[in-house]
Amino acid sequence: MFLEQNRKDPRPAKGCIEVIAGCMFSGKTEELIRRLKRAKIARLRVEIFKPSLEQRYDENNIVSHDSNAILSTPVPSSPNILLLSHQADVIGIDEAQFFDDQLPYVCETLAAQGTRVIIAGLDMDYLGKPFGPMPHLLAIADYITKVHAICMHCGDLATHSFRHAVDDSLILLGEKDSYIPLCRACYARQHAEIPIRKEQAD
Ligand code: ZN
C-alpha cells in the first residue's frame, strides 16, 4: 500500500506526481479516492478532475465500481485543470488515459508550484497498447503504483482489459458486459482465438 510522507516540515510543500495505473476493475479509482480522502482528513485543499467525456454514472462525481464516490469537476481538456486548480494543495485526476497530450505538462506545472498531483488511469487499451498520455505520465512520475484485477479465467493477477464487444471505438465505456480483466497468458490465449483485428495488423 502507498504510504504518504508525514510532513512536519514547516517549509513550503514540494510538489510531486503520483500515478496509479492498471487494467479495468483493478481498483485504480478506489485507490485515488482513498488518498484524496486522507488528504481531506489532513485538512488539505483537494480538487478532483476528470475528462468530461467520461460520464458513465454521474456527471459531477468520480464514481468507482463500488460506489465509493467523491465529488469531481468534469473538464473538456487538460489546460482547464490549471485554470481551475488555484489554492489546491492536492489535485486528483481520474481516467487520465482519456485526456489530451498536454496533461503531462499540466501535471509538471502543478508539481512545480508545490501541488501534490495524484493521477489514476488505464495503462493499456483493450489491444494491450499504451493508452493516451499514460506512458508519458508514468515516465515523469515521482511515485508509481500498479494495481491488478483478478483474471476472470484463471484467478491469477490480471493486467489486461479484454473486450468482447463488437464496437471498435477506444472510448467505448462499457461495464462488465463489454470487458473482462485477464492475466497476460489468458489474454494472449483469447486474442489467438479471435481473428486478427485491423488495428493489430498495422
Ligand atoms: Zn488468467
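This text gives an overview of the structure that appears in the document. (Residues numbered from 1 in each chain as written. Predicted model: local features only at pLDDT ≥ 70, side-chain atom pairs only at ≥ 80, totals over all residues. Heavy atoms only, no water.)

1. Observations regarding the sheet that holds strand β5 (residues 73-75)
Phase 1 of the analysis: The strand order β5-β2-β6-β7-β1-β8 describes an open sheet built from six strands, whose pairing is parallel. The outermost strands of the open sheet, each flanked by one partner alone, are β5 and β8 (143-147). Across the sheet, the mean angle separating the axes of adjacent strands is 20° when strand polarity is ignored.
Phase 2 of the analysis: When strand β2 (residues 46-51) meets strand β6 (residues 90-93), the two strands line up parallel, connected through four bridges. Within β6, the residue paired with V46 across the bridge is V90.
Phase 3 of the analysis: The strands touched by helix α1 (residues 28-41) are β1 (16-22), β2, β6, β7 (116-122) and β8; relative to β7, the strand with the most contacts, the crossing angle is about 165°. (Pairing = 2+ DSSP bridges. Helix = DSSP H or I, 4+ residues; strand = E, 2+ residues; numbered from the N terminus. Axes fitted to C-alpha atoms, helices over the stretch in contact; angles between N-to-C directions. Contact = heavy atoms within 4.5 Å.)

2. Brief notes about the coordination of the zinc ion
In an ideal tetrahedron of four donors about a metal, each angle is 109.5 degrees. In an ideal octahedron of six donors, the angles are 90 or 180 degrees.
Phase 1 of the analysis: Protein coordination at the zinc ion: the donors are C151 (SG), C154 (SG), C183 (SG) and C186 (SG), at 2.3 to 2.4 Å from the metal.
Phase 2 of the analysis: Each of the four donor atoms around the zinc ion contributes to a set of angles spanning 100 to 118°, which defines the coordination as tetrahedral.
Phase 3 of the analysis: Here the donor residues of the zinc ion are spaced in sequence according to C-x2-C-x28-C-x2-C. You can see C154 sitting in the loop between β9 (149-150) and β10 (157-158) and its partner C186 sitting in helix α5 (residues 184-193), a full 32 residues away along the chain.
Phase 4 of the analysis: Overall, the relative accessible area of 45% leaves C154 in the partly exposed class. (Donors = N, O, S within 2.8 Å, 3.2 Å for Na, K, Ca; no water. Tetrahedral: all angles 85-135°; square planar, octahedral: opposite > 155°, others 65-115°. Buried < 20%, exposed > 50% of the residue type's maximum accessible area, 1.4 Å probe, protein only.)

3. A look at the pattern of salt bridges
Phase 1 of the analysis: The tally for this structure, following the rule as stated, stands at six salt bridges.
Phase 2 of the analysis: Put simply, R116 and E18 hold a salt bridge, and the shortest N to O gap is 2.6 Å. Note that R116 is positioned in strand β7 and E18 in strand β1, a separation of 98 residues in sequence. The two residues R116 and E18 agree in class, both being buried. (Salt bridge = Lys/Arg side-chain N within 4 Å of Asp/Glu carboxyl O.)

4. A closer look at the packing of aromatic side chains
Phase 1 of the analysis: Within this structure, the stated rule accounts for three aromatic pairs.
Phase 2 of the analysis: When the ring of F2 is compared with that of Y143, the centres are 5.6 Å apart and the planes differ by 70°; the resulting orientation is edge-to-face. Placement of the pair is F2 in the segment before β1 and Y143 in strand β8, with a sequence separation of 141 residues.
Phase 3 of the analysis: Where F98 meets F131, the ring centres are 5.6 Å apart and the plane angle is 90°; that geometry is what we call edge-to-face. Here F131 lies in the loop between β7 and α4 (134-140) and F98 lies in the loop between β6 and α3 (103-112), a separation of 33 residues in the sequence. Both residues of the pair, F98 and F131, belong to the buried class.
Phase 4 of the analysis: R35 extends its terminal NZ or CZ atom over the ring of F2, reaching a point 4.0 Å from the ring centre.
Phase 5 of the analysis: Positioned above the aromatic ring of Y126, the side-chain terminus of R163 is 3.8 Å from the ring centre. (Phe/Tyr/Trp six-rings, centres within 6.5 Å; stacked < 30°, edge-to-face > 60°. Lys NZ or Arg CZ within 6 Å of the ring centre and 35° of its normal.)

5. Quick notes on α1
Phase 1 of the analysis: Counted at 1.5 Å a residue, the expected span for α1 with its 14 residues is 20 Å, and the 20 Å between its end C-alpha atoms agrees.
Phase 2 of the analysis: Taken together, the buried positions of α1 are occupied by K28, T29, E31, L32, I33, R35, L36 and A39.
Phase 3 of the analysis: Just beyond α1, the residue with positive phi is R43, at close to 60°. (Expected span 1.5 Å × (residues − 1).)

6. A word on the nonpolar core
Phase 1 of the analysis: One finds V19, I81, I93, L103, C107, I119 and L137 to be the most contacted residues of the largest nonpolar core, which totals 21 residues.
Phase 2 of the analysis: Taken together, the elements giving at least two residues each to this core come down to β1, β6, α3, β7 and α4.
Phase 3 of the analysis: Leaving out residues up to four positions away in the same chain, I81 has contacts with F49, V75, I91, I93, F99, L103, V106 and L110.
Phase 4 of the analysis: Counting residues in each nonpolar core, the second largest holds twelve residues, with I20, L36, I48 and I118 among its members. (Core = buried A, V, L, I, M, F, W, Y, C linked by side-chain atoms within 4.5 Å.)

7. A few points about the side chain of E31
Phase 1 of the analysis: Of note, E31 is situated in helix α1.
Phase 2 of the analysis: When its relative accessible area of 14% is taken as the criterion, E31 is described as buried.
Phase 3 of the analysis: Engagement of the side chain of E31 in a polar contact is seen with the side chain of R35, the distance being 2.8 Å.
Phase 4 of the analysis: Leave out the neighbours within four places in its chain, and E31 touches F2 and I20. (Polar contact = N/O pair within 3.5 Å; in protein donor to acceptor, adjacent residues only side chain to side chain.)

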